[in-house]
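Overview (structure and organization)
Single-letter residue listing:
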Amino acid sequence: MAFFLAQILTGLANAAALFLVASGLSLIFGVTRIVNFAHGSFYMLGAFVGVTLMDILPGHVGFWGAILLTGLAVGLIGAFVEIVVLRPVYRAPELFQLVATFGVILVIQDLALMIWGAEDRLGPRAPGLRGVWRIFGEPVPKYDIVLIAITPVILFALWYLITRTRMGTLVRAATQDREMVGALGVNQAWLFTGVFALGSALAGLGGALQLPKGGADLLMDFNIIGSVFVVVVIGGMGSLPGAFIAAVIISVLNVFGVAYLPQSTLVLMYVVMAVVLIVRPYGLLGREEVAGEHGQVGAPERPIRPYGARGRMVVIALLAALALLPLVADKFILTLMIDVIVFALFAASLHFILGSGGLVSFGHAAFFGGGAYAAALLVFHTDTPMELAFIAAPFAAGLLALGIGWFCIRLSGVYFAMLTLAFSQLVWSLAFQWRSVTRGDDGLVNIWPADWLNATAPFYYFTLAMGVGGILFLRHIIHAPFGYALRAGRDSPRQAEAMGINVKRVQFAAFAVAGAMAGLAGGIFVFSKGSVFPTELEIAASFDVLIVVFLGGVKTLAGGVVGAAFLTGVEDWLTRLEYWRLILGLLIIAVVIIAPEGIVGSLRTLWVRIRHIEEEEAK
Amino acid sequence: MLELQNIHSYYGKAHILDDLSFNIAKGEVVALLGRNGAGKSTTMKSVMQLVPPRSGKVQFMGRELTGLPAFRVAKMGIGYVPEDRRIFTDLTVLENLEVGRQPARDGAPTWTVEQLFGIFPNLAERRMNRGKQMSGGEQQMLTIARTLMGNPALLLLDEPSEGIAPVIVEQMAHTIMRLKAEGLTVMISEQNLHFARAVTDRAIIIESGQKKFDGTFQQLEAHPEIRDAYLAV
């Protein structure tokens, strides 16, 4: 019994930092409708700034003063990010905002590396709270008790701020109708900056408060983001009490998981999330998203057309060049091209549901990695012939997509994005922790293709056939009646329903097709590398492919393919630079703000403009 | 007080306001009349800079509004009541009023919550109710009261009689006369000619974003062909 109580107390103490970070994220989302993926980065900054300040400032006052100063400092950094990066993109589609915050993650990662170095920092112990108190004979760290006491105070302070002050009233009004709040004389731009700063400050506080229990390292940002999203989704996006309850549930569950089921700690929270969402699709205290709110009108989509004769000629010429490539290129180039094609297919599959379906999936790596793992597991455990294992990849990924899609398709917008992300984390944690089957982070190795493909040139042709076949298949679907239905559901779900299209079912099917095609790419990938590791399922992998689709251009069919070719090509030399993340991050932010149409879209605009000038001159 | 000079406004590529000009003097209550889609709401949004005009000038008390963000326009003393009401349904009546609150300003009547409850007794009874629990007429009163909390010198009322019960329309007419008595300048967009004639001094008729008539109701009555051409359904 005493042990049980001690476990609960540890869980509650762990909930403190998680709640702080999650409440900040929830607050920012509630008002700005931006899912701030850089929120984990503010948490990490809080830890590093806190450690630095605690080194400088002495004693009790120094320790607690450092924590408060950290909150302030991270809040200011958040305000800076909001003004510079997010203000220009509030009216842009969700995806652009998400991508912009991802650029911020990369920039902060490298800046942290520059300032604090790559070494992990151990957090200092809180002065005067070093020992333990005995509760029913069980030792409970004094600092844990302090954390347990602090959390409700912060929850109350936030609740008071939101429900009982003028700023809170304005914030809640802006959540509902920002334009109207502006028309009543409130400068909503500063309101947004204030909320973003507050949310960031909370994340920074969380990072600093957890220092005596942990420390500061460069992986903290991605490590916490999964749990934070789970907490926010379970609690209901935008709900502070929801975030508190969910943070407590997840933390307590985690402590018991470590004690009783150490191999399933990561999976556990995603299972809880899935159960909650089956019962309450918008979380414990969340509310249903109302579509078509005021002040957020997107530009109409430009209709897409199949390529004309000239476009076809270009594609055929390009394919011919690719087919002839092994005659002139060396092994290095061919291997690079295999990577490009695999990534292009992966990107095209995401582009299929994102561009044509309007579904922003944040967990697409689950299907790429899922396909790769399916093939690798078959080869590794049952010595399945490569051909069979390869065919299993798209099927397994398609089935996985059917399973995940069943939960996710019911939601839309950011809820959909968050849920896909959470499910991809579930798949990742399975691969990471189910060591007896997946060998965890040792990965599955020696997964080589059959003898007839076991050389660079034949495998290149195999990749070309499969990759190009997959991409053409997706294009074909987009230009088929199914594609029309999909795009109709994207542009006007109600109108489409009224015309007899079962929008959700069409989206469900498209999600499965996209998953299967991502799995096909994963199948090629695993046999080209000979191995697969959980990194292929990580959040970062899902982000990579989103970035690629975005860089290429969401509203153009070729966007995904061009983006993949561009990034894979650039990555090769970019990653040789020490601070490549900084460069890539700044590049992404610049594209979001300056050229939101992406590479293909911008080229097309340029082309139209040149032609226009020529026509003018001809007159 | 308010001066529009050769305004052209667009929704995307659609040309809504076509070279629209008119003036409103201090203390006037003016009706902006016209059929559905004539450009009445867009005129109001163009004044508020919610739909910034692409060319032309909007001046308020001698100061240029064109290009300002909406909140600056509101802070200068223009109160806007949108036709679709847009009250904050998750907020209580008192909280809705709080969002509209602005400091008192010279040359404009000042309002307190209690005064507004005096004008709109229904709101007083429901002060702790959330916006979504209220009837259409009550919501219409709340949106006017909310804008009055900003102590505006000029009030833009977009179709205040639309979609509410006749008895409430009558109440609304009394309210507007009361506002006029307080010295407020008001522009009302309307389709209901009877309502407009009852509460306003002057009519401006627009059609396809162009001004077709500007004068008193007596002058309008002398020209029934204008009424038939631009207002008859």
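Keep in mind that this is a model prediction, so the values were computed, not measured.

Another point: the pairing of strand 7 (residues 154-158) of chain B. Residues and elements named next belong to chain B. The buried fraction of strand 7 amounts to 5 of the 5 residues, a majority that puts the element mostly inside the structure. What you see with strand 7 is no split at all: Leu154, Leu156 and Asp158 on one side and Leu155 and Leu157 on the other are buried throughout. Where strand 6 (residues 78-81) meets strand 7, 4 bridges bridge the pair, whose relative direction is parallel. Residue pairing for strand 7: isoleucine 78 is matched across the bridge by leucine 154. With 5 bridges joining them, strand 7 and strand 8 (residues 185-190) adopt parallel strand pairing. Residue pairing for strand 8: leucine 157 is matched across the bridge by isoleucine 188. For the handedness criterion, the β-α-β arrangement of strand 7, helix 7 (residues 166-181) and strand 8 is classed as right-handed.

Residues and elements named next belong to chain A. Non-glycine residue aspartate 383 carries a positive phi angle of around 55°. Mapped onto the elements, aspartate 383 comes out in the loop between helix 14 (365-382) and helix 15 (386-408). One non-glycine residue, asparagine 446, adopts positive backbone phi at about 60°. Asparagine 446 sits in the exposed class, given a relative accessible area of 58%.

A few words now on the nonpolar core. If you look at the biggest cluster of nonpolar residues, it comprises 248 residues, and the most contacted ones within it are Met273 and Phe527 of chain A. The leading source of residues in this core is helix 13 (residues 331-356) of chain A, at 15 residues. Taken domain by domain, the makeup of this core includes at least three residues from each of domain 1 (2-218) and domain 2 (333-538) of chain A. Excluding residues that lie within four positions of it along the chain, phenylalanine 527 of chain A makes contacts with Ala375, Val379, Met386, Ala389, Phe390, Ile447, Trp448, Pro449 and Phe459 of chain A. Core analysis: the second largest hydrophobic core is formed by 33 residues, Leu142, Leu157, Ile164 and Ile188 of chain B among them.

Per the stated rule, a full pass over the model turns up 24 salt bridges over all chains. Arginine 581 of chain A is paired through a salt bridge with aspartate 110 of chain A; the nearest N and O atoms lie 3.6 Å apart. With arginine 581 of chain A in helix 24 (residues 580-594) and aspartate 110 of chain A in helix 4 (residues 94-116), this pair connects stretches of sequence that are 471 residues apart. Salt-bridge contacts for aspartate 214 of chain B lead to arginine 202 of chain B; the nearest nitrogen and oxygen are separated by 3.0 Å. Taken together, the residues aspartate 214 of chain B in strand 10 (residues 210-216) and arginine 202 of chain B in strand 9 (residues 202-207) connect sequence positions 12 residues apart. One salt-bridge network, held together by shared partners, links Glu28, Arg202, Lys211 and Asp214 of chain B.

Every contact between the two is made by 24 residues of chain B and, on the other side, 19 residues of chain A. For the pair chain B and chain A, the two sides together bury roughly 1,900 Å², of which 55% comes from carbon and sulfur. Counting across the chain B and chain A interface gives 4 salt bridges. A salt bridge links glutamate 95 of chain B to arginine 172 of chain A, with the nearest nitrogen and oxygen atoms 2.8 Å apart. For the pair chain B and chain A, the number of links is 10 residue pairs in polar contact (both at pLDDT 80 or more). Of the residues belonging to the side of chain B that touches chain A, the class tally is 11 nonpolar, 4 polar and 9 charged.

It is worth spelling out the sheet that holds strand 8 of chain B at this point. Residue and element names in this part refer to chain B. Spatial ordering of the open sheet is given by 6-7-8-3-9-10, a layout of 6 strands whose pairing is mixed. Every other strand in the sheet has two partners, leaving strand 6 and strand 10 as the edge strands with one partner each. Taken over all neighbouring pairs, the strand axes of this sheet differ in orientation by 15° on average, direction set aside. Alignment of strand 3 (residues 29-33) against strand 9, held across 4 bridges, turns out to be parallel. When the bridges of strand 9 are listed, leucine 32 appears paired with isoleucine 204. Sheet strands touched by helix 1 (residues 40-48): strand 3, strand 6, strand 7, strand 8 and strand 9. Its angle to strand 7, the strand with the most contacts, is close to 145°. Taken strand by strand, helix 6 (residues 136-148) contacts strand 6 and strand 7, and its axis lies near 165° from that of strand 6.

Looking now at the packing of aromatic side chains. Residue and element names in this part refer to chain A. Here the structure, examined in full by the defined rule, presents 30 aromatic pairs over all chains. Judged by centre distance (4.8 Å) and plane angle (90°), the rings of phenylalanine 37 and phenylalanine 543 are edge-to-face. Taken together, the residues phenylalanine 37 in the loop between helix 1 (2-32) and helix 2 (39-56) and phenylalanine 543 in helix 22 (residues 539-552) connect sequence positions 506 residues apart. Judged by relative accessible area, which is 3%, phenylalanine 543 ranks as buried. The positively charged end of arginine 87 is found above the aromatic ring belonging to tryptophan 190, 4.7 Å away from the centroid. Here arginine 410 stacks its cationic end above the ring of tryptophan 406, 5.4 Å away from the centre of that ring.

This paragraph deals with the domain arrangement of chain A. All names here are of chain A. Taken domain by domain, chain A comprises domain 1 (2-218) and domain 2 (333-538). Look at where the C-alpha atoms of domain 1 and domain 2 centre, and you get two points 35 Å apart. Contacts between the two partners involve 6 residues from domain 1, matched on the other side by 8 residues from domain 2. Approximately 670 Å² of surface area, both sides summed, lies buried where domain 1 meets domain 2, with 89% of it carried by carbon and sulfur atoms. By the criterion of area lost to domain 2, the three top residues of domain 1 are Phe37, Glu94 and Leu95, representing 55% of everything that side buries. The interface formed by domain 1 and domain 2 holds 0 salt bridges in total. In this assembly, domain 1 and domain 2 are joined by 0 residue pairs in polar contact (both at pLDDT 80 or more).

Right, let's talk about the environment of glycine 357 of chain A for a bit. Checked against the element boundaries, glycine 357 of chain A lands in the loop between helix 13 and helix 14. Apart from the residues within four sequence positions on either side, glycine 357 of chain A is in contact with Phe352, Leu486, Arg490 and Gln507 of chain A.

The next subject is the environment of glycine 11 of chain A. All names here are of chain A. As for its position among the elements, glycine 11 is in helix 1. The exposure class of glycine 11 is buried, given its relative accessible area of 0%. Along the primary structure glycine 11 and alanine 174 are separated by 163 residues, whereas in three dimensions their C-alpha atoms are 35 Å apart.

With that settled, the discussion passes to helix 3 (residues 93-100) of chain B. When you tally the buried positions in helix 3 of chain B, you get 7 out of 8 residues, the bulk of the element. Val93, Glu95, Asn96, Leu97, Glu98, Val99 and Gly100 of chain B are the residues of helix 3 of chain B that are buried. In this structure, the buried residues of helix 3 of chain B make contact with helix 5 (142-164), helix 6 (166-176) and helix 7 (178-183) of chain A together with helix 4 (113-119), helix 5 (121-125) and helix 6 of chain B.

Each value, and the rule that gives it
Residues numbered from 1 in each chain as written. Chains lettered and ligands numbered in written order. Predicted model: local features only at pLDDT ≥ 70, side-chain atom pairs only at ≥ 80, totals over all residues. Heavy atoms only, no water. Buried < 20%, exposed > 50% of the residue type's maximum accessible area, 1.4 Å probe, protein only. Helix = DSSP H or I, 4+ residues; strand = E, 2+ residues; numbered from the N terminus. Pairing = 2+ DSSP bridges. Right-handed = clockwise from strand over helix to strand, strands pointing away. Core = buried A, V, L, I, M, F, W, Y, C linked by side-chain atoms within 4.5 Å. Domains from an automatic or database assignment. Contact = heavy atoms within 4.5 Å. Salt bridge = Lys/Arg side-chain N within 4 Å of Asp/Glu carboxyl O. Buried area = accessible area lost by both parts, 1.4 Å probe. Polar contact = N/O pair within 3.5 Å; in protein donor to acceptor, adjacent residues only side chain to side chain. Nonpolar A, V, L, I, M, F, W, Y, C, P; charged D, E, K, R; others polar. Axes fitted to C-alpha atoms, helices over the stretch in contact; angles between N-to-C directions. Phe/Tyr/Trp six-rings, centres within 6.5 Å; stacked < 30°, edge-to-face > 60°. Lys NZ or Arg CZ within 6 Å of the ring centre and 35° of its normal.

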